[in-house]
Amino acid sequence: MDPKNGSSFTGFILLGFSDRPQLERVLFVVLLIFYLLTLLGNTSIIALSRLDPHLQTPMYFFLSNLSFLDLCYTTSTVPQLLVHLRGADKSISFGGCVAQLFVSLGLGCTECILLGVMAFDRYAAVCRPLHYTVIMHPRLCALMASASWFIGFANASLQTVLTFLVPLCGRNKIDHFFCEVPPLLKLSCVDTTVNESELFFVGVIILLIPVALITLSYGRIVRAVLRIKSATGQRKAFGTCGSHLTVVSLFYGTAIYAYLQPSNNYSQDLGKFISLFYTIITPMVNPFIYTLRNKDVMGAVRKVLCRGYDSR
């Protein structure tokens with residue numbers, strides 16, 4: 001193989017925050033706490049959805065998928081980051097870098113599509129309440145969730161191949177804390193305009209599908225809610241969608257900054273903190289956003305706790 005294309009490398013060096021040793025110590029403690037909260041929150045959502053019959057609905061089926069996805073997404077980057085923050089060795093093998101890029105891209109794209117599917121679920125619940133169980137049939141839910149995962153990892157396969165086709169000419173120091181597309185393209189010793197255009201085009205196409213679904217779904221929801229004469233009814237209807245819209249805003253806002261801007265406008269330092277936000281902060285807060293004002297989930301928590309107390 002041509003040594004210039006990076007495939008003969010033994011590995012890469014993830015520079016991360018190595019130029020700020022004091023920040024590394026603080027980040028280690030903060031990220032370790034956040035990671036444990038992420039594991040606790042998302043595992044709880046999955047467990048409650050399985051244990052409580054009242055939560056075995058389409059909404060919680062998709063929410064369980066989102067929680068599992070967030071668990072995998074965070075685990076694909078954060079444990080390695082914690083090791084690097086505490087040690088002098090910042091290396092990652094070439095195969096490990098390829099695998100990390102593929103997995104993180106796949107999970108990120110899957111979440112992008114899954115959030116669009118969840119918007120359709122909210123549309124069916126608010127605008128077609130009498131036909132909700134017919135529309136959101138378990139088979140359809142399973143099909144939409146499976147399609148999200150398949151499209152997400154198919155896109156990741158394409159983007160990973162396009163990224164590693166770029167010749168690196170012996171460069172192996174990645175100015176980031178994990179293998180991500182923008183900093184990998186920065187290693188190239190040739191003009192990457194064509195590669196960036198291809199990646200941008202693929203990203204936009206994938207992004208347009210869920211964005212169109214979210215826009216259409218919430219357009220219908222707003223019209224339906226405005227027809228409700230009761231202020232209480234309107235608040236209840238909007239309340240069922242508020243959590244989802246918050247998560248959508250957090251995820252799409254950071255993803256658009258990271259992937260859909262020209263490389264000449266990309267700030268490496270800011271990019272690292274934006275990446276921290278969507279790799280650890282967003283997965284950590286998602287369970288809390290969905291549960292803090294959710295009576296069904298809080299009721300399920302009380303039932304599980306009471307059941308555990310009574311069994312003693």
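Predicted model only: the values in this text are computed from it and were never measured.

Overview of the packing of helix 2 (residues 58-75) against helix 4 (residues 94-127)
Step number 1: Across the interface, helix 2 lies against helix 4 with an axial gap of 10 Å and an inter-helix angle of 165°. Between helix 2 and helix 4, the interaxial angle falls into the category roughly antiparallel. Crossing hand, helix 2 versus helix 4: left-handed. In this structure, helix 2 uses Pro58, Met59, Phe62, Leu63, Asn65, Leu66, Leu69, Asp70, Cys72 and Tyr73 to contact helix 4, whose residues at the interface are Ser104, Leu107, Gly108, Thr110, Glu111, Leu114, Leu115, Val117, Met118, Asp121 and Arg122.
Step number 2: For the contact of helix 2 with helix 4, the class distribution of residues is 13 nonpolar, 4 polar and 4 charged.

Comments concerning the confidence of the model for the chain
Step number 1: Residues with a pLDDT of 70 or more make up 91% of the chain, whose mean pLDDT is 86.
Step number 2: Confidence over residues 1-8 falls short of pLDDT 50; this stretch has 14 contacts with residues more than four positions distant or in other chains.

Details of the packing of aromatic side chains
Step number 1: Per the stated rule, a full pass over the model turns up 12 aromatic pairs.
Step number 2: For the pair Tyr73 and Tyr278, a centre-to-centre distance of 6.5 Å together with 15° between the ring planes defines the contact as stacked. With Tyr73 in helix 2 and Tyr278 in helix 10 (residues 268-291), this residue pair connects regions lying 205 residues apart in the sequence.
Step number 3: Overall, the relative accessible area of 5% leaves Tyr73 in the buried class.
Step number 4: Three or more aromatic residues link up through ring pairs in this structure, and these residues are Phe17, Phe177, Phe178 and Phe273.
Step number 5: Above the plane of the ring of Phe28 lies Arg86, whose end atom (NZ or CZ) is 5.2 Å from the centre.

Some details on the UniProt feature "transmembrane region" (unreviewed entry) in the chain
Step number 1: When the UniProt feature table is mapped to this numbering, "transmembrane region" (unreviewed entry) covers residues 26-48, 60-78, 98-120, 140-158, 199-216, 237-260 and 272-292.
Step number 2: Across residues 140-158, helical content stands at 100% and strand content at 0%; the span's end C-alpha atoms are separated by 27 Å.
Step number 3: Helix makes up 100% of residues 199-216 and strand 0%, whereas the separation of the span's terminal C-alpha atoms amounts to 26 Å.

Parameters at a glance
Residues numbered from 1 in each chain as written. Predicted model: local features only at pLDDT ≥ 70, side-chain atom pairs only at ≥ 80, totals over all residues. Heavy atoms only, no water. Axes fitted to C-alpha atoms, helices over the stretch in contact; angles between N-to-C directions. Helix = DSSP H or I, 4+ residues; strand = E, 2+ residues; numbered from the N terminus. Parallel < 35°, antiparallel > 145°, perpendicular 65-115°, else oblique. Left-handed = near helix turned anticlockwise from the far one by under 90°. Contact = heavy atoms within 4.5 Å. Nonpolar A, V, L, I, M, F, W, Y, C, P; charged D, E, K, R; others polar. pLDDT = per-residue confidence, 0-100. Phe/Tyr/Trp six-rings, centres within 6.5 Å; stacked < 30°, edge-to-face > 60°. Buried < 20%, exposed > 50% of the residue type's maximum accessible area, 1.4 Å probe, protein only. Lys NZ or Arg CZ within 6 Å of the ring centre and 35° of its normal. UniProt positions renumbered as here; feature names shortened; annotations may be inferred.

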